[in-house]
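Below are the chains, spelled out letter by letter.
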Amino acid sequence: MRQITYREAIREALDEELANDKNVILMGEEVAQYNGAYKVTQGLWEKWGDSRVMDMPISEAGFIGMGIGASMLGTRPVMELMFWSFAYVAFDQIINNAASVRYMSGGKINCPIVIRGPANGGTSVGATHSHTPENFIANTPGLKVVCPATAYDAKGLMKSAIRDNDPVYVMESTVLYGELGDVPDNADLPNGELLIPLGVADIKREGTDISLIAHGRSVIVCLQAAEILQNEHGISAEVVDLRSIRPLDEETILESVRKTNRAIYVEENKPFCGVGSQIVSMIQEKAFDDLDAPVLRISAIDAPAFYSPPVEKMQLPYASQVVDKVLTICEPAYA
């Protein structure tokens, strides 16, 4: 096991899949000579050349559409968006075309694409660069959405996404790109590579008193809150990382809630029609008799992303906020 950054983990996944399949290509703004806006693709153009790593013009509707068309003809494009906020100008391609082609062709045409890039706030880049559209994408049948929170998951999910025959949209976080995490060497793995199946959640921390359920960077916030809850209040919080929003691992969520009897969903999504709405509805429908308290939610403040750094920090979930919410439905052991 070694420690590498979240950014390096994604780069390793891309590099390995370029080597694994000649049909894998990388496309996006500044992914080649400039090494990527966030240096995720650093060195890949020099290694693989113009035919495998290609810079695109500032026209998301154009190059996303081109990538979707190329995937229908047998390639496996991995397309980087500088921000997922920029996807909105290509929603017809991303949501309408990619999601529908296999269904409308009677299963004769696949669309094996990956669209990846940051979908998060917290970096003071304004309202038009800070969207979290995982709920929009996951609402559409035919699309898959993953949100890795750690370097380990970022690598394993990315490799599986590239090999999937459906469109997979990977929502990353610029805040996490520099975070270190444990990732095994391929030589230490039984099958020689790290693959995490889509649709499998992960228990990041075992607990008995409450389930903190989250995706993306909010998983890290929940882990921080769980430490405070244990050390200062004697409350044992279990942290459930969805990893994959669609397909969704309902059983892992329900097993956790049936064990702890309490749950809070934490996300950077806005509250109205957010991912948390789906999770809370599912829990209350399928595990209502196991609950000792209402299922609660913590989301971003329901307003466009604030530009001011200190104010934006208050707009997104933070550890002490999670702790305070937990204390409303959990009795402190050290009261």
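These figures come from a predicted structure and were not determined experimentally.

**Some remarks on the domain arrangement of the protein chain**
Structurally, the protein chain comprises domain 1 (3-188) and domain 2 (202-329). The centre of domain 1, based on its C-alpha atoms, is set 26 Å off from the matching centre of domain 2. The partner domain 2 presents 25 residues to the 29 residues of domain 1 that form the contact. Interface of domain 1 and domain 2: buried area, both sides summed, is about 2000 Å²; carbon and sulfur atoms make up 54% of it. When the buried surface of domain 1 facing domain 2 is broken down by residue, Ser124, Asn135 and Cys147 rank first, second and third, together holding 23% of it.

**Considering the pattern of salt bridges**
Side-chain pairs of opposite charge can arise where the charged atoms are in close proximity. Summed over the entire model, instances satisfying the criterion amount to 28 salt bridges. Of the charged contacts, one joins Arg217 and Glu268 as a salt bridge, the two residues approaching to 2.9 Å between their closest N and O atoms. On the criterion of sequence distance, the pair formed by Arg217 in the loop between strand S10 (210-214) and helix H7 (218-233) and Glu268 in the loop between strand S13 (263-266) and helix H9 (275-286) is long-range, its members being 51 residues apart. A relative accessible area of 8% means that Glu268 is categorised as buried. Of the charged contacts, one joins Arg297 and Glu267 as a salt bridge, the two residues approaching to 3.9 Å between their closest N and O atoms. Taken as a pair, Arg297 in strand S14 (residues 296-298) and Glu267 in the loop between S13 and H9 lie far apart in primary sequence, 30 residues in all. What makes Arg297 partly exposed here is its relative accessible area of 29%. The exposure class of Glu267 is buried, given its relative accessible area of 0%. Salt bridges here are not isolated pairs; linked through shared partners, they connect Arg2, Glu12, Glu16, Glu17, Lys155, Lys159, Arg163, Asp185 and Glu193.

**Some words on the state of the cysteines**
Evaluation of the coordinates by the stated rule reveals zero disulfides. Looking at the unpaired Cys147, the closest cysteine sulfur is the one in Cys222, lying at 14 Å. For Cys222, a relative accessible area of 0% gives the class buried.

**Brief notes about helix H4 (residues 91-104)**
With 14 residues, H4 extends 18 Å between its outermost C-alpha atoms, agreeing within 8% with the 20 Å of an ideal straight helix rising 1.5 Å per residue. Maximal helix bending in H4 amounts to about 35°, located at Asn97. Those residues of H4 not exposed but buried are Gln93, Ile94, Ile95, Ala98, Ala99, Ser100 and Val101. On the buried face of H4, the contacting elements are helix H3 (60-72), strand S5 (114-118), helix H5 (134-138) and strand S7 (168-172). Downstream of H4 by a residue or two, Gly106 has a phi angle that is positive, lying close to 65°.

**Description of the environment of Gln3**
By the secondary structure assignment, Gln3 is in strand S1 (residues 2-5). Taking the C-alpha atoms as reference points, Gln3 and Pro184, separated by 181 residues in sequence, lie 8.4 Å from one another. If we skip the residues at most four places from it in the chain, Gln3 touches Leu180, Gly181 and Asp182.

**Some remarks on the pairing of S13**
Judged by which residues are buried, S13 turns out to be covered on both faces: Ala263 and Tyr265 on one side and Ile264 and Val266 on the other are all buried. Sheet topology note: the S10/S13 ladder contains four bridges and is parallel. The residue of S13 that forms the bridge with Ala214 is Val266. Relative to S14, S13 runs parallel, the two being bridged by three bridges. Looking at the pairing, Ile264 lines up with Leu296 of S14. As a crossover connection, the stretch from S13 through H9 into S14 is right-handed.

Definitions and limits used
Residues numbered from 1 in each chain as written. Predicted model: local features only at pLDDT ≥ 70, side-chain atom pairs only at ≥ 80, totals over all residues. Heavy atoms only, no water. Domains from an automatic or database assignment. Contact = heavy atoms within 4.5 Å. Buried area = accessible area lost by both parts, 1.4 Å probe. Salt bridge = Lys/Arg side-chain N within 4 Å of Asp/Glu carboxyl O. Helix = DSSP H or I, 4+ residues; strand = E, 2+ residues; numbered from the N terminus. Buried < 20%, exposed > 50% of the residue type's maximum accessible area, 1.4 Å probe, protein only. Disulfide = S-S within 2.5 Å. Expected span 1.5 Å × (residues − 1). Bend = angle between axes of the 7 residues up to and from the residue. Pairing = 2+ DSSP bridges. Right-handed = clockwise from strand over helix to strand, strands pointing away.

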